[in-house]
Amino acid sequence: MKKASTNTTEPDIPELKREQLGKGVRGKYFKRYSHGSNVVVLQPDIHKAFPTSEAVNKALASVLAFAQEAQGLTARPAPRPARKRLPA
């Protein structure tokens, strides 16, 4: 048995007017969007210095590498265990 064709020249869906749609809710999906999004807004002067995502990633990677290297330089050495004294 063949399926009926769904292609029609006239849509069967009636046009609705704005009044028929009801009142919209502002920010209805904002929380869900903000959790699933990784968009960062840059200041205009920062955007001029780093116009592409590759430039931003490269700069942040170098800052991270420098911070990790500097942290290793300033770390305190582990305390040495106390020596046992020999009886005199």
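Owing to the predicted nature of the structure, the values given are computational and were not obtained by experimental measurement.

Turning our eyes to something else, we now look at the overall build of the protein chain. Along its length, the protein chain carries four helices and zero strands. Reading the secondary structure of the protein chain in the N-to-C direction produces α-α-α-α. Within the protein chain, buried positions represent 0% of all 88 residues. Carbon and sulfur atoms make up 58% of the accessible area of the protein chain, which totals about 10,200 Å².

On the surface, a cluster of nonpolar side chains totalling about 330 Å² of accessible area is made up of Val40, Leu42, Ile46 and Phe50. Mapped onto the fold, Val40 is located in the loop between α2 (30–35) and α3 (44–49). Residue Val40 is classed as exposed on the basis of its relative accessible area of 64%.

Thresholds, definitions, all that
- Residues numbered from 1 in each chain as written.
- Predicted model: local features only at pLDDT ≥ 70, side-chain atom pairs only at ≥ 80, totals over all residues.
- Heavy atoms only, no water.
- Helix = DSSP H or I, 4+ residues; strand = E, 2+ residues; numbered from the N terminus.
- Buried < 20%, exposed > 50% of the residue type's maximum accessible area, 1.4 Å probe, protein only.
- Areas by Shrake-Rupley, 256 points an atom, 1.4 Å probe, with all protein chains shown as cover.
- Patch = residues over 30% accessible without salt bridge, like charges linked within 9 Å, V, L, I, M, F, W, Y side chains within 5 Å.
- Salt bridge = Lys/Arg side-chain N within 4 Å of Asp/Glu carboxyl O.

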